[in-house]
Amino acid sequence: MVGKVSERVLLREGLERTDNGMKLTTWPDVAPINQKNYYTDYMKRDDQILALRLQSDATRDRLVQSARDHDRNLSKTANGEVPLPVPDLGDEDGTATPSGGVDPSRIIVIHPGSQNLRIGFASDALPRTIPTTLAAKFPQTESEMYEALPRRQPAAKTTDQQYGEEWTKKYSKMCNELKTEMRANKRKVLPNSKELVQTFNRRTEPEIIEKHNDPLEINWTDVKTLEDPESPASCFIGHDALRVPDDSNPKFKLWWPLRHGWWNEDDYSSQEHLYDDFETLLDRALRQELGLTTNSEWQQYSCVFVIPDLYDKRYVEQILRSCMTWFEFSKVCFVQESMAATFGAGYTGACVVDVGAQKTSVTCVEDGLCIEDSRINMKYGGFDITETFIKMMLYDNFPYQDINLQRRYDFLLAEELKLKHCTMAQADISVQVSSFHVRAPNQSTKKYIFKTYDEVILSAMGVFDPSIFDNSTKLRGRRKLVERSYNAYDVDIPDDPSSAAQLAILALVKPSISSSATSGAPQSQEVSTPSKERCSFNFLGKGESGMNGTPAGSHAGSPAPEGNGTPAPYIFGAGKDGLNGDSPAPSGSRAAGTPVPGQAFQASQMAPAGAFADPNARSATSIAAERDAVLPMAPLDIAILTSIQNAAKGDDKKLRDLLGSIMVIGGGSKIPQFTVVLEEKIKARRPDLFERILVSRSARDMDEQVVTWKGASVFAKLSTNDSWITPFEFERLGARTLHHKVLWAW
């Protein structure tokens, strides 16, 4: 080891130090942390999160202001007594305006649906309802672009070939089952009723009614009244759009931004066009329905937006972006449909069954919040009943054979016929003679007389056998324009909300879904600790099976995010009727329930997630894509029991409470005797809880279609609401502020 060398030697060697001793940089030196013992409070305190810090600042400012007002009142009174606070004064409809709160007349409540948009002020008793559609100039109308609805083969020689032999067999089977059930209920059934209807309808000829003799003539929309005829952005919305003549000059096409509860990606060619149409629809609705004609007025209003229980994050983020940048509302908050429905009905907890136009959702709500694992979203509704009703009528020689639901006047006619004739009451099933008028633009009115028999009930009963519906195009175009949302920290993991009950419905349609959920661990691996015996429920009869031979029910054990290592859904039905043949289905960590005598069996154990590494495990993206390719369809009674079972998680008391508080809402449920038949179906599935099951409509005799909107308006009036998003927060955080603001796990 060489000792210290003198400066004289360094000078002789040419290695002398020539700098002035200053540091090479003024950047402060950071000492390395002690890896054995270090601590940080970064993002662990509320004051470090902007959204929560603004809330605390607003609360502090409110307390300071109230203290100043108190001192001011003390100084004004002569004897120093503090005046009594003024109580909240109720409006005419009984709602109270909180003193110092937000004025309900300054809050806009928006509830968009696939077929109807409901919009209004929170102070209104009822919303304005308009169809969710726009009519814009286009070279072709929708009836010229798309095939006719209901779908049929025009070149077919026989009726069976025209509608497909598979559908014909299903229809004939439903007719025979109805006859058997009506005879069992001691109801009169004529053996030749079907032949009477078909023969009468085949021989019926229309009666021509001249224009001057038609008292109910329709006022069609005059295309010359367009605000700016030269602008391609000019359009009609709502009822005006549906009344645009199909043979107008220039031609118009109807655009529906929402279909089946999500973005209508099939009919649009670009994401910008889709978003712009939806924003234009809301823009025109604000101007025409609410009278807010100038953009500067919108900045003085807040907005409560109703979103589905099982939503796409991209959809919610786009809505937030539109509200903040296009409409520039003063603040925005979101509420889920089922949560709003319980607010509107005045319930603290219920199993909410929302039968809409094109989607049906089932969600259990407890203490004002949706139970995540109970959310189910199925893609059928009132429009499917309308289409199937017309299809059945056409099969039985409906006199108006040219009906096409893609034409606007035929669509309105079909909706009218469904509202007038469809029922679920077996007592009303007999050969009935009715009439209807076909009013087409620039044509004489035609009056038809026709007969109906069992079509009026079989089409509505399709909710208990969705395979009778036309489901061929409901997934077409899915994910074509709008990609699924991915985790911000792991970009390969999809993070759209999922539900154990929804996964069970998908596994019901496609059994391989359940195996893909457990791709990270063997299904039959035994663990050392014995588990409690699991019980299953066979909601199907011994000889009855669900769709495509699959048991129609499931019991998912734990939340099912779109990734590997997720426990498989617990499928209802044991033994050879089950999905796994003779072997029991894999059970989730929380699967449990009330046992039915004779139907309990020992479930297999599952190894902890991640205990075994599978080199052939599929990626989370591929699993999510597989689930996206499955259309969620299940009988409504099975879906309700699946949702309740996943909400109860083995709690017998909660199970009974939810079965006794099933609330049916939505326009698709306005068919007579809908709740009565649904209750009978559920009781047949669970005879052990016959006395506890209760299915009802919304309380207070409210229209089922507006319960959700009304609940959102009640939610908007709450004085203590921490879910408002301000433009300042959106400017700083963007869509990330939803993580801190929404009332559920984002």
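Residues numbered from 1 in each chain as written. Predicted model: local features only at pLDDT ≥ 70, side-chain atom pairs only at ≥ 80, totals over all residues. Heavy atoms only, no water.

K.L.:
Residues and numbers for unusual backbone geometry, please.
P.N.:
The amide bond that connects L149 to the next residue, P150, takes the cis arrangement and shows omega of -5 degrees. Structurally, P150 is set in the loop between α3 (142-145) and α4 (159-163). Despite not being glycine, K186 shows a phi value in the positive range, around 65 degrees. For K186, the location among the structural elements is in the loop between α5 (165-184) and α6 (193-203). (Helix = DSSP H or I, 4+ residues; strand = E, 2+ residues; numbered from the N terminus.)

K.L.:
Requested: an account of the nonpolar core, with residues and values cited.
P.N.:
Judged by nonpolar contacts, the single largest core of 90 residues is most densely connected at L636 and I640. If you tally residues by element for this core, the top one is helix α12 (residues 382-395), at 8 residues. (Core = buried A, V, L, I, M, F, W, Y, C linked by side-chain atoms within 4.5 Å. Buried < 20%, exposed > 50% of the residue type's maximum accessible area, 1.4 Å probe, protein only.)

K.L.:
How would you summarise the sheet that holds strand β16 (residues 432-438) if you had to cite specific residues and measurements?
P.N.:
The antiparallel open sheet is built from 3 strands, whose spatial order is β5-β17-β16. Taken across any chain shown, the strands that pair with only one partner, and hence form the sheet edges, are β5 (207-209) and β16. Strand-to-strand twist across the sheet, computed as the mean angle between neighbouring axes with direction ignored, equals 30 degrees. Here β16 runs beside strand β17 (residues 445-452); their pairing, made up of 7 bridges, is antiparallel. Paired with H437 across the bridge in β17 is K447. (Pairing = 2+ DSSP bridges. Axes fitted to C-alpha atoms, helices over the stretch in contact; angles between N-to-C directions.)

K.L.:
Give a description of the sheet that holds strand β11 (residues 331-336) that names residues and reports values.
P.N.:
The strands that make up a sheet pair up through hydrogen bonds in the backbone, lying either parallel or antiparallel. Reading across the sheet, the 5 strands line up as β3-β2-β1-β10-β11 and stay open at both edges, with mixed pairing between neighbours. Where the open sheet ends on each side, the last strands, each with one partner, are β3 (128-131) and β11. Neighbouring strand axes in the sheet, compared pairwise and without regard to direction, differ in orientation by 20 degrees on average. Of the pairings in the sheet, the one linking strand β1 (residues 107-112) to strand β10 (residues 302-307) comprises 4 bridges and is parallel in character. Across the sheet, I108 pairs through a bridge with C303, a residue of β10. Where helix α11 (residues 337-345) meets the sheet, it contacts β1, β10 and β11, and its direction lies at approximately 85 degrees from that of β11. (Contact = heavy atoms within 4.5 Å.)

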